[in-house]
Structures are given as C-alpha cells and as structure tokens.
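The primary structure of each chain is shown beneath.
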Amino acid sequence: MISSIIFEGPDMCGKTHIARALASILHIPYFKNAREREVFGSEDTRYFATASQYVDTYMVSFLRDTQTRVIFDRNYPSQFVYPRVFGRDHDLDLLRRIDDAHAELGTRIVIPVRSTYHDLHDDVHDCIIPTTLELLDAGYRDFVEWTKCRTLLLNVDDEDIDRELADILAWLSS
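Residues numbered from 1 in each chain as written. Predicted model: local features only at pLDDT ≥ 70, side-chain atom pairs only at ≥ 80, totals over all residues. Heavy atoms only, no water.

A. A look at the packing of aromatic side chains. Taken as a whole, this structure holds seven aromatic pairs when the rule is applied. Relative to phenylalanine 86, the ring of tyrosine 82 lies with its centre 6.0 Å away and its plane at 15 degrees, an arrangement referred to as stacked. Placement of both tyrosine 82 and phenylalanine 86 in helix 4 (residues 77–86) is noted, with a separation of four residues, approximately one turn of the helix. For tyrosine 82, a relative accessible area of 6% gives the class buried. Look at phenylalanine 86 and you get partly exposed, because its relative accessible area is 25%. A ring pair is formed by phenylalanine 143 and tryptophan 146, whose centres lie 5.7 Å apart and whose planes are at 40 degrees; its orientation type is tilted. Taken together, the positions of phenylalanine 143 and tryptophan 146, both in helix 6 (residues 130–146) and three residues apart, correspond to about one turn of that helix. Overall, the relative accessible area of 18% leaves tryptophan 146 in the buried class. The rings of Tyr76, Phe80, Phe143 and Trp146 are connected pair by pair, giving a single aromatic cluster. (Phe/Tyr/Trp six-rings, centres within 6.5 Å; stacked < 30°, edge-to-face > 60°. Helix = DSSP H or I, 4+ residues; strand = E, 2+ residues; numbered from the N terminus. Buried < 20%, exposed > 50% of the residue type's maximum accessible area, 1.4 Å probe, protein only.)

And the structure:
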C-alpha cells in the first residue's frame, strides 16, 4: 500500500503539477496550503513555524489514527530548509519528532530538482532568484541526509511529466 507522499523542493520545479497528476493517477487526495504563497512574502515570519508546531503535529496524529493517505504539496521539510536560507527561526527538535512520526507512517518524500536554476525567476516573490534557488536546492539535499523518510530526488530538467510520473511510480513500488 502506498503511504502519504510529500512533494518538496525548490520553487519552480513543478511540484504542484507533478503532485496533482500523481494524485489523479493514484486516486489519493491532494492538499496544498492555500495561503502558502500569500504568507511567504509577508511580514509574518512565524506563520510556517507555528503551522509546524500545531498543524503538522496534528496532521501526523490524524494520518496515524485514520490511516488516511494524502499527497501534500509542501509540508514540514520546508521548515527544515527555508528558515536556513532566509535566516528565520526553526525548531529542529520539533522537526525531528515530526520526521520520526512520518517515517513511522511510511511517508515518502519526492523532491523535484534541476541541474541549474540559472534562468529561473519567480513572478510573485522577488527574493526567489537563481542564487536563492541554488541555496534551497542545497538545503533539500541536506534534508535528504537528515530525514528518516524515504526520499526521491527527481530531476525535472526535461519537464517531461510522463517520465517524471513513471520514475515516481517505479520508486513507490520498490
């Protein structure tokens, strides 16, 4: 049985597109925080840390108790990476507890990445520039070493959704 799946990674790597397509194929609900992009550029730098503290811990209990499967478009790994890049506070002990719980549940994490971020610029947030994307990429690679969950670094340079989905499905069945 496929467990819940978290899509993470640097901005502009196709997480949402891939996650929605996979959710459709697997008939698993897809969830993305509707306020993510709005809050990211705001002055409220504690929003995501607070979400990890309360929402992520609650969600892990919900997943465990209901045995529900879901595809998340971002989740707690963002709190491992983004605070490091943007100099925000984060609670590594809390993240470890959340990660341990997800590992126990068999959660899988897919991290779409690119070989280069040279020509990418976010249309919404001016701070997401190629050098920032490279730092985020490095942070996610650190996360792969830190997490106890099975992870897949998925190269998306070719932007071939059929190949990306085939790679993910093969990995999920392994």
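Right, picking up where we left off after that structure.
B. Quick peek at the environment of valine 156. When you line up the elements, valine 156 lands in the loop between strand 5 (150–155) and helix 7 (161–172). Between the C-alpha atoms of valine 156 and isoleucine 18, which are 138 residues apart in sequence, the distance is 10.0 Å. Non-local contacts of valine 156, meaning those with residues more than four positions away in its chain, are made with Cys13, Ile18, Pro112, Val113, Arg114, Arg163 and Glu164. (Contact = heavy atoms within 4.5 Å.)

C. Region of interest: the pairing of strand 4 (residues 108–113). When you tally the buried positions in strand 4, you get six out of six residues, the bulk of the element. Here strand 4 shows a buried face lined by Arg108, Val110 and Pro112 and a second buried face lined by Ile109, Ile111 and Val113. Across three bridges, the pairing between strand 1 (residues 5–7) and strand 4 is parallel. Residue phenylalanine 7 lies in a different strand from strand 4, and its bridge partner there is valine 110. Across six bridges, the pairing between strand 4 and strand 5 is parallel. Considered in strand 5, the bridge of isoleucine 111 is made with leucine 153. (Pairing = 2+ DSSP bridges.)

D. Representation of helix 7 within the structure. Here helix 7 is twelve residues long and its end C-alpha atoms lie 16 Å apart, about the 16 Å a rise of 1.5 Å per residue gives. Inspection of helix 7 places Glu164, Leu165, Ile168, Trp171 and Leu172 among the buried residues, and these make up the whole buried set. Axial view of helix 7: buried residues confined to an arc of 125 degrees, hence all on one face. Tucked inside the fold, the buried residues of helix 7 contact strand 1, helix 1 (15–26), strand 4 and strand 5. For helix 7, the N-terminal capping position is held by aspartate 160, with its side-chain oxygen 3.1 Å away from the main-chain nitrogen of aspartate 162. (Expected span 1.5 Å × (residues − 1). Arc of directions from axis to C-beta. Polar contact = N/O pair within 3.5 Å; in protein donor to acceptor, adjacent residues only side chain to side chain.)

E. Looking closely at the nonpolar core. Counting residues in hydrophobic clusters, the biggest one holds 41 residues, and the most contacted among them are Ile5, Phe7, Leu22, Ile71, Tyr76, Phe143 and Ile168. Excluding residues that lie within four positions of it along the chain, leucine 22 makes contacts with Ile5, Phe7, Ile71, Leu165, Ile168, Leu169 and Leu172. (Core = buried A, V, L, I, M, F, W, Y, C linked by side-chain atoms within 4.5 Å.)

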